[in-house]
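Topology and contacts: notes
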There are 2 protein chains.
Amino acid sequence: MKKVKVLKPVLVSNQQRARENRNIFDRMKCLVINIIASPGAGKTSVIKNIVQCMQRRYRILVIEGDIKGQIDSQALAALGVDVVQINTATECHLDAFMTAQVLPQIEKKYDLILVENVGNLVCPAEFEIGEDYKLAILSTPEGDDKPLKYPLLFHLAKVVIINKSDLLPYLDFDMQAARKGIKGENPKALIFEVSAKTGRGFEEFCRHLEKEIDARKKKN
Amino acid sequence: MKKVKVLKPVLVSNQQRARENRNIFDRMKCLVINIIASPGAGKTSVIKNIVQCMQRRYRILVIEGDIKGQIDSQALAALGVDVVQINTATECHLDAFMTAQVLPQIEKKYDLILVENVGNLVCPAEFEIGEDYKLAILSTPEGDDKPLKYPLLFHLAKVVIINKSDLLPYLDFDMQAARKGIKGENPKALIFEVSAKTGRGFEEFCRHLEKEIDARKKKN
């Protein structure tokens, strides 16, 4: 009971801070994507592919959330992209306050900020950070039933990337069932099938991202 | 800050309730394993293999934790094993109180209780439920670096199952690095490599479980 009583104010004050972050991002005129997935679904590899597709034409920043360590930040920085690290210690998700703490470190202008959340399908979905939208990654070895089991994330995510399509021949993954499960939670979800290992599918996804960034620039 | 102030009493009172659960399990003279892994790492498939190996000689109960739905419970019940479902609604983990709520439903004697926690590598590790020990499952498609990124679970787990060994030929998974990462967190961890798809490795693991169950019976 105690827990429920406290969780609400925490979420309310998080939402308020998320709106303040949002105002800062709006002044930067950049698109901010909150990337959420299970551990090992391929968040970092998806980001690497996006960076490699787009870094010649767009200014990209990655905000990297991990409980501990900087393995992914180092791998991303090696591509020449700017990276800011958040270590959450015991927290299983990023929230608006942790995100706010790194905002003063952002000195340049960016077109696209990719936020890699902590690997977890549950809590990261509950905490807004000021993003334009949530992007969920579902990797094929996890199984096609995940949208039914972890409905909140798939309900909220505007875009879902189905990653590790290269493993499909070796798995009992039913793509139609996965798509049906995602659309059941969010009929408007945009779904992209990719392989971060082979690069397949990223051309289409990055074209989509470019349109979003360009539309945002015109709007501002 | 508010959150931290409240989390401690919650954890303390959880620990107390876990001890009470433990007393009840002790009176039942059964081995209780808290199974923790990412979404899609193969918790249910591992449990299926254990049930199929052992249900002729041992009385087994599965306590099934999911945010929503009963997909896994139904699949397990179809094997003829007793299953009790806990739906956590928004909670990303089982705790001792949720577990306590299902104890009155346990009317028979069991040798082994397998608890399938919610798919999450972070919070389930923080909440004891009265188990003998935690068993972590790491699936090969998640990558060999997960023990470094989610250290608490691998620090606490007495047994680690590395699942989906059938996919190794198609992945960049370094088994030695994974073992080193696990042993770095817990030098005493017992590690078993299995494939829940092909059944490989379960004979050895179930022999180990049988020894543990028999030792517990002799002790009581």
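Everything below is about the structure printed above this text.
Residues numbered from 1 in each chain as written. Chains lettered and ligands numbered in written order. Predicted model: local features only at pLDDT ≥ 70, side-chain atom pairs only at ≥ 80, totals over all residues. Heavy atoms only, no water.

A few words now on the interface of chain A and chain B. Interfaces are often described in size by the accessible area the parts lose on coming together. Chain A puts 40 residues into the contact, and the matching count from chain B is 38 residues. Summing the contributions of chain A and of chain B, the shared interface buries around 3200 Å²; its carbon and sulfur component is 62%. Our count for the chain A to chain B interface comes out at 4 salt bridges. Residues Lys149(B) and Asp72(A) are paired through a salt bridge, measuring 2.7 Å at the closest nitrogen-oxygen approach. On the surface where chain A and chain B come into contact, there are 8 residue pairs in polar contact (both at pLDDT 80 or more). The set of elements that each furnish at least two residues to the side of chain A that touches chain B consists of helix H1 (2-28), helix H3 (71-77) and helix H5 (146-149) of chain A. Broken down by element, the side of chain A that touches chain B gets its largest block of residues, 5 residues, from H1(A). (Contact = heavy atoms within 4.5 Å. Buried area = accessible area lost by both parts, 1.4 Å probe. Salt bridge = Lys/Arg side-chain N within 4 Å of Asp/Glu carboxyl O. Polar contact = N/O pair within 3.5 Å; in protein donor to acceptor, adjacent residues only side chain to side chain. Helix = DSSP H or I, 4+ residues; strand = E, 2+ residues; numbered from the N terminus.)

Take the state of the cysteines next. For the structure on display, the rule yields 0 disulfides over all chains. Here Cys53(A) is not disulfide-linked; the sulfur of Cys206(A) is the nearest cysteine sulfur, at 3.2 Å. Considering cysteine sulfurs only, Cys206(B) is the nearest to Cys30(B), which forms no disulfide, with 17 Å between them. (Disulfide = S-S within 2.5 Å.)

Before going further, it helps to examine the relation of the copies chain A and chain B. The operation relating chain A to chain B is a screw motion whose rotation component is 180°, with 0.0 Å of axial translation and a residual RMSD of 0.0 Å. Viewed as a symmetry operation, the transformation between the two copies matches a two-fold axis. Both copies present the same face, since 95% of the interface residues in chain A are matched by interface residues at the equivalent positions in chain B. (Least-squares fit on C-alpha atoms with pLDDT ≥ 70 in both.)

Now for the pairing of strand E5 (residues 133-139) of chain B. Note on strand geometry: in a regular strand, side chains alternate between the two faces of the sheet. Residues and elements named next belong to chain B. Across the 7 residues that make up E5, a large majority, 7, are buried. Across the two faces of E5 the burial is the same, with Tyr 133, Leu 135, Ile 137 and Ser 139 and Lys 134, Ala 136 and Leu 138 all buried. Where E5 meets strand E6 (residues 159-163), 5 bridges bridge the pair, whose relative direction is parallel. Residue Ser 139 lies in a different strand from E6, and its bridge partner there is Asn 163. (Buried < 20%, exposed > 50% of the residue type's maximum accessible area, 1.4 Å probe, protein only. Pairing = 2+ DSSP bridges.)

This part covers the packing of aromatic side chains. Residue and element names in this part refer to chain B. The full count for this structure, using the stated rule, is 3 aromatic pairs over all chains. Where Phe 192 meets Phe 205, the ring centres are 5.1 Å apart and the plane angle is 75°; that geometry is what we call edge-to-face. Of this pair, Phe 192 sits in strand E7 (residues 190-193) while Phe 205 sits in helix H8 (residues 202-219), and the two are 13 residues apart along the sequence. For Phe 192, a relative accessible area of 8% gives the class buried. (Phe/Tyr/Trp six-rings, centres within 6.5 Å; stacked < 30°, edge-to-face > 60°.)

Our focus in this paragraph is the sheet that holds strand E1 (residues 31-37) of chain B. Residue and element names in this part refer to chain B. Taken together, the 7 strands give an open sheet; going across it, the order is E3-E2-E4-E1-E5-E6-E7, and neighbouring strands pair in parallel fashion. Bordering the open sheet on either side are strand E3 (82-87) and E7, each of which pairs with just one other strand. Strand-to-strand twist of the sheet, defined as the mean angle between neighbouring strand axes without regard to direction, takes the value 20°. Relative to E7, E6 runs parallel, the two sharing 4 bridges. Considered in E7, the bridge of Val 159 is made with Leu 190. Against the sheet, helix H2 (residues 43-54) contacts E1, strand E2 (60-66), strand E4 (112-116), E5 and E6, and its axis sits at roughly 165° relative to E4. Lying over the sheet, helix H7 (residues 175-185) contacts E5, E6 and E7, oriented at roughly 155° with respect to E7. (Axes fitted to C-alpha atoms, helices over the stretch in contact; angles between N-to-C directions.)

To continue, consider the pattern of salt bridges. One pass over the full model with this rule turns up 34 salt bridges over all chains. As a salt-bridge pair, Arg179(A) and Glu193(A) come within 3.2 Å of each other at their nearest N and O atoms. One end of the pair, Arg179(A), is in helix H7 (residues 175-185); the other, Glu193(A), is in strand E7 (residues 190-193), and 14 residues separate them in sequence. In this structure, Lys108(B) engages Asp82(B) in a salt bridge whose closest nitrogen and oxygen atoms are separated by 2.9 Å. With Lys108(B) in the loop between helix H4 (96-102) and E4 and Asp82(B) in strand E3, this residue pair connects regions lying 26 residues apart in the sequence. Residue class for Asp82(B) comes out partly exposed when judged on its relative accessible area of 25%. Here the salt bridges share partners, and the residues they tie into one network are Arg22(A), Asp26(A), Asp132(A) and Arg216(A).

Take H7(A) next. All names here are of chain A. Along H7, the residues that are buried comprise Met 175, Ala 178, Gly 181, Ile 182 and Glu 185. Considered in projection along H7, the buried side chains sweep an arc of 125° and stay on one side of the axis. Looking at H7, the residues exposed on the side facing more than 90 degrees away from the buried face are Gln 176, Lys 180 and Gly 184. At the N-terminal boundary of H7, the capping side chain belongs to Asp 174, with an oxygen 3.0 Å from the backbone nitrogen of Gln 176. (Arc of directions from axis to C-beta.)

Residue and element names in this part refer to chain A. Ordered in space as E3-E2-E4-E1-E5-E6-E7, the 7 strands form an open sheet in which the pairing is parallel. Each end of this open sheet is capped by a strand with a single partner; those strands are strand E3 (82-87) and E7. If you compare each strand with its neighbour and ignore which way they point, the axes differ by 20° on average. Of the strands in this sheet, strand E5 (133-139), strand E6 (159-163) and E7 are in contact with H7, which crosses E7 at around 155°.

So, on to the environment of Ile63(B). All names here are of chain B. Examined against the element boundaries, Ile 63 turns out to sit in strand E2. With relative accessibility at 0%, the residue Ile 63 sits in the buried group. For the pair Ile 63 and Gln 85, spaced 22 residues apart in sequence, the C-alpha to C-alpha distance is 6.0 Å. The contact partners of Ile 63, leaving out residues within four places of it in the chain, are Val 84, Ile 86, Val 102, Ile 113, Leu 114, Val 115 and Glu 116.

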